[in-house]
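Chains, contacts and geometry: an overview
Next come the chains, spelled out residue by residue.
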Amino acid sequence: MGPVRNIVVLTGAGISAESGLATFRGPGGLWEGHRVEDVCTPEALMRDEALVLRFYDARRAALATVEPNAAHQALARLDAEWPGQLMIVTQNVDDLHERAGAQRLVHIHGELLSALCRSCGENARFSGAMMESRVCPSCGRDALRPDIVFFGEMPYEMERIERALMECDTFVSIGTSGAVYPAAGFVQIANATNAWTLELNLKRSPGSHHFDEAREGPASRLVPEWVESVLAQA
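Starting afresh in each chain, residues are numbered from 1 along the sequence in its written order. Thresholds applied to this predicted model are a pLDDT of at least 70 for local features of residues and 80 or more for the giving and counting of side-chain atom pairs; totals over whole chains, interfaces and linings are not thresholded and use all residues. Neither water nor hydrogens contribute to the side-chain values; these are computed over all heavy atoms in the structure.

1. Describing the UniProt feature "binding site: Zn(2+)" (unreviewed entry) in the protein chain
Here is the rule we go by: UniProt positions are given in the numbering used here, feature names are shortened, and annotations may be inferred rather than shown by experiment. Working definition: helices are DSSP H or I runs of at least four residues, strands are E runs of at least two. Numbering for both runs from the N terminus. Contacts are residue-level and defined by heavy atoms, with any inter-residue pair within 4.5 Å sufficient.
The sites that UniProt annotates as "binding site: Zn(2+)" (unreviewed entry) are Cys117, Cys120, Cys136 and Cys139. The annotated residues occupy 23 residues of the chain but converge on a single region, no pair of C-alpha atoms lying more than 8.6 Å apart. Along the chain, Cys136 falls in the loop between β7 (123-125) and β8 (144-148). Setting aside residues no more than four positions away along its own chain, Cys136 makes contact with Cys117, Cys120, Arg141 and Leu144. Examined against the element boundaries, Cys139 turns out to sit in the loop between β7 and β8.

Below you can see the structure in the form of structure tokens.
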């Protein structure tokens, strides 16, 4: 491992699970009691819009009951104190990174606190219940949907993320299953440019063998330890 100057961090559901938010895949392949196909595909939105909107309304409301944990806070500290390049890419749609103070942040799968207009394509901050109002503030049409990247849709900022991965010397994956693409392939992009790669996870993922090092344990312990070691080199 050489000198660290340019870091890309990927975070997944495991970092927010310690704050009390349900992980993407629960027992039996269910997501908070629902099949993913019933709440997270364009077809589901067309088939049963009310079910999808209620599901995301409930998830949005749940954000008020949780707080950032030590892992979120450590990454926010890294963001504030790291003098080099940094991109935090999160698969999570919650706002816990922001509430902890992170700014160099990309939500690859969208955000619960944002709405997307199916008519004009604009997105806007949204914190209420979509079942009660779906009027777009830009075009005035009743066409808002959750600003969530459903299965089959293109994740956000992919070109920018891939460019950062090709330029980084350190890639760290935190609390991810290593099973959802394209994020599961980020480590291979980083490896292709000889970056040092590290996985921090509660247990080894299916992609652990792609990393130079894999550490097992809770994110609330592993992430502050790693951030402390990186900032000591700055």
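2. Regarding the sheet that holds strand β4 (residues 85-90)
Spelled out, the test is: One bridge is not enough; two strands pair if DSSP finds at least two bridges between them. Angles shown run from 0 to 180 degrees and are taken between the N-to-C directions of axes, each axis being a line fitted to C-alpha atoms and, for helices, limited to the stretch in contact.
Strand order across the open sheet formed by six strands is β5-β4-β1-β9-β10-β11, with parallel pairing between neighbours. Single-partner strands in this sheet number two, and they are β5 (105-107) and β11 (213-216). Recorded for the sheet is a direction-independent mean angle of 15° between the axes of neighbouring strands. Relative to β4, strand β1 (residues 6-11) runs parallel, the two sharing six bridges. Bridging from a neighbouring strand, Asn6 pairs with Gln85 of β4. In this fold helix α7 (residues 158-167) packs onto β1, β4, β5 and β9 (170-174), with an angle of close to 130° to the strand it touches most, β4. Each of β1, β9, β10 (196-201) and β11 touches helix α9 (residues 219-233); the most contacted strand, β10, lies at about 150° to it.

3. Details of the pattern of salt bridges
Our working definition: Salt bridge, as applied in this entry: a Lys or Arg side-chain nitrogen positioned within 4 Å of an Asp or Glu carboxyl oxygen. Burial classes: relative accessible area under 20% of the type maximum marks a residue as buried, over 50% as exposed, and values in between as partly exposed (1.4 Å probe, protein chains only).
Within the structure shown, the criterion is met by 13 salt bridges. Put simply, Arg145 and Glu153 hold a salt bridge, and the shortest N to O gap is 2.9 Å. A relative accessible area of 28% places Glu153 in the partly exposed class. Among the ionic pairs, Arg160 bridges to Glu157, the shortest N-O distance being 3.4 Å.

4. Comments concerning the nonpolar core
We count it as follows: Within this scheme, the nonpolar core is defined by two criteria: the residues are buried Ala, Val, Leu, Ile, Met, Phe, Trp, Tyr or Cys, and they are joined through side-chain atoms within 4.5 Å.
Leu75, Leu78, Ile174, Val223 and Trp226 are the most contacted members of the largest nonpolar core, which totals 25 residues. Mapped by element, the contributors of at least two residues to this core are β1, α5 (70-81), β4, β9, β10 and α9. Broken down by element, the residue count for this core peaks at seven residues, all from α9. Contacts of Leu78, omitting those with residues within four sequence positions, involve Leu86, Arg104, Trp226, Val227, Val230 and Leu231.

5. Focus: the environment of Ala58
Mapping Ala58 onto the fold places it in helix α4 (residues 49-62). Overall, Ala58 belongs to the partly exposed group, its relative accessible area being 48%.

6. Examining the UniProt feature "binding site: substrate" (unreviewed entry) in the protein chain
Using the residue numbers shown here, the UniProt feature "binding site: substrate" (unreviewed entry) corresponds to Tyr56 and Arg59. Within the secondary structure layout, Tyr56 lies in helix α4. Secondary-structure assignment places Arg59 in helix α4. On the basis of relative accessibility, which here comes to 13%, the residue Arg59 falls in the buried class.

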